[in-house]
Amino acid sequence: MIEIKRKTTETSVTVQIKNAHDELLQTKVDIGVPFFEHMLKAMLFYAGLEVSIDCKGDLHVDEHHSFEDVGIVMGEALLNYYKAQKNFHRFSSCYVPMDEALVRAVLDISGRPYFQIEGLELGVLSSLEQAMVEFMRSFVINARMTVHIDVIKGFNRHHIFEAVFKAIGFCLNESLITSNLLMSTKGSIG
């Protein structure tokens, strides 16, 4: 089992991610923001990962510090997870509909961090929604992945964000499928 911790004056975060040979770890998400916990549980379900997340943060200020630090620690845990796995499919893309919303995600576990999201008017998002985008950015950068997300259509923000989180999860699941080869023409990821 991989365990990563981060403690600052703003948050205390612990993330555990199960390796294939470890004893059963039930997915548990405790952050103190039910909507974000719902999104993470959906992402982890579709990723096929068993993860425990515990975050005590300064939610009296707002969600930003907790969401960003959860992203940092989850990203570091996933980085350690796939480095231990060594050979995996690496690439994935998918479309995820949720009622009127439609999202495309393209993911490469490349060892090179890059995050882009298009189709959301970032300037008009609520602070909760902005914090969720910050979580995604922190997660992707610290996991050293390349992720492109396109919100193709949709007007219900719950549906849009749920489709985004499910799409990331689905792509992670496909990307982490074990391969017989190291999927890199240069002989290394990163």
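Residues numbered from 1 in each chain as written. Predicted model: local features only at pLDDT ≥ 70, side-chain atom pairs only at ≥ 80, totals over all residues. Heavy atoms only, no water.

1. Brief notes about the overall build of the protein
Filter applied, for reference: Each helix is a run of DSSP H or I of at least 4 residues and each strand a run of E of at least 2, with the numbering of both proceeding from the N terminus. Radius of gyration: C-alpha atoms only; globule rule: 2.2 Å multiplied by the number of residues to the exponent 0.38. For the exposure calls, accessible area comes from a 1.4 Å probe over protein chains only, and a residue counts as buried if that area is under 20% of its type's maximum, exposed if over 50%, partly exposed in between. Pairs of residues are marked as contacts when any of their non-hydrogen atoms sit within 4.5 Å. Residue-level accessible areas treat just the shown protein chains as cover; the underlying method is Shrake-Rupley with a 1.4 Å probe.
Secondary structure assignment for the protein yields 4 helices and 8 strands. When the elements of the protein are put in sequence order from the N terminus, they spell out β-β-β-α-β-α-β-β-β-α-β-α. Taking 190 residues into account, the globule formula puts the C-alpha radius of gyration at 16 Å, and the protein, at 16 Å, falls close to it. Viewed in the frame of its principal axes, the protein has a C-alpha envelope of about 45 × 35 × 25 Å. When the 190 residues of the protein are sorted by exposure, 49% land in the buried category. Considering only contacts in the protein between residues 6 or more positions apart, those separated by 24 or more positions represent 77%. Of the roughly 9,100 Å² of accessible surface on the protein, 52% is carried by carbon and sulfur atoms.

2. What about the side chain of T11?
Filter applied, for reference: Two N or O atoms form a polar contact when they lie within 3.5 Å of each other; inside protein one atom must be a possible hydrogen donor and the other a possible acceptor, and for residues adjacent in sequence the pair counts only when both atoms belong to side chains.
With respect to the helices and strands, T11 occurs in strand β2 (residues 11-17). At 2.4 Å, the side chain of T11 forms a polar contact with the side chain of D69. In this view, T11 contacts R6, K56, G57, H65, S66 and D69; residues no more than four positions away in its chain are not counted.

3. Some points on the pattern of salt bridges
A side chain with one charge may pair with a side chain of the opposite charge, provided their charged atoms come close. Keep this limit in mind: By salt bridge we mean one thing: a side-chain nitrogen of Lys or Arg within 4 Å of a carboxyl oxygen of Asp or Glu.
Inspection of the entire model under this criterion finds 9 salt bridges. A salt bridge links E3 to K5; the nearest nitrogen and oxygen atoms lie 3.9 Å apart. Residue E3 is classed as partly exposed on the basis of its relative accessible area, which comes to 40%. Between K56 and D54 there is a salt bridge, and its shortest N-O distance comes to 3.0 Å. Judged by relative accessible area, D54 falls into the partly exposed class, the value being 24%. Connected via shared salt-bridge partners are D30, D54 and K56.

4. Examining the nonpolar core
Worth spelling out the cut-off: We call a set of buried Ala, Val, Leu, Ile, Met, Phe, Trp, Tyr and Cys residues a nonpolar core when their side-chain atoms join them within 4.5 Å.
In this structure, L40, L78 and F135 are the most contacted members of the largest nonpolar core, which totals 62 residues. Those residues in contact with F135, other than ones at most four positions away along the chain, are F36, L40, M43, F67, V70, G71, M74 and F165.

5. Let's talk about the pairing of strand β8 (residues 146-153)
Test applied: Strands pair, by our definition, only if DSSP identifies at least two bridges between them. Whether a crossover is right-handed depends on one test, that the path from the first strand over the helix to the second runs clockwise when the strands point away from the viewer.
Relative to β8, strand β6 (residues 101-108) runs antiparallel, the two being bridged by 7 bridges. Within the sheet, the bridge partner assigned to L102 lies in β8 and is K153. Where strand β7 (residues 114-118) and β8 come together, 5 bridges link them in parallel fashion. When the sheet's bridge partners are listed, I117 is paired in β8 with I149. Traced from β7 through helix α3 (residues 127-143) to β8, the parallel crossover comes out left-handed.

6. A look at the sheet that holds strand β3 (residues 28-30)
Across a sheet, paired strands are connected by hydrogen bonds in the backbone, their directions being either parallel or antiparallel. In plain terms, the rule: Here an angle of 0 to 180 degrees is reported between the N-to-C directions of two axes, which are lines fitted to C-alpha atoms, with helices fitted over the stretch in contact.
Sheet architecture is open: 4 strands sit in the order β1-β2-β4-β3, paired in mixed fashion. Two strands lie at the open edges of the sheet, namely β1 (2-7) and β3, each paired on one side alone. Strand-to-strand twist across the sheet, computed as the mean angle between neighbouring axes with direction ignored, equals 5°. Sheet contacts for helix α1 (residues 34-47): β3 and β4 (51-57); angle to β3, the most-contacted strand, approximately 160°. This element, helix α2 (residues 64-85), spans β1, β2 and β4 of the sheet and lies at about 30° to β2.

Keep in mind these numbers describe shape, not what the thing actually does.
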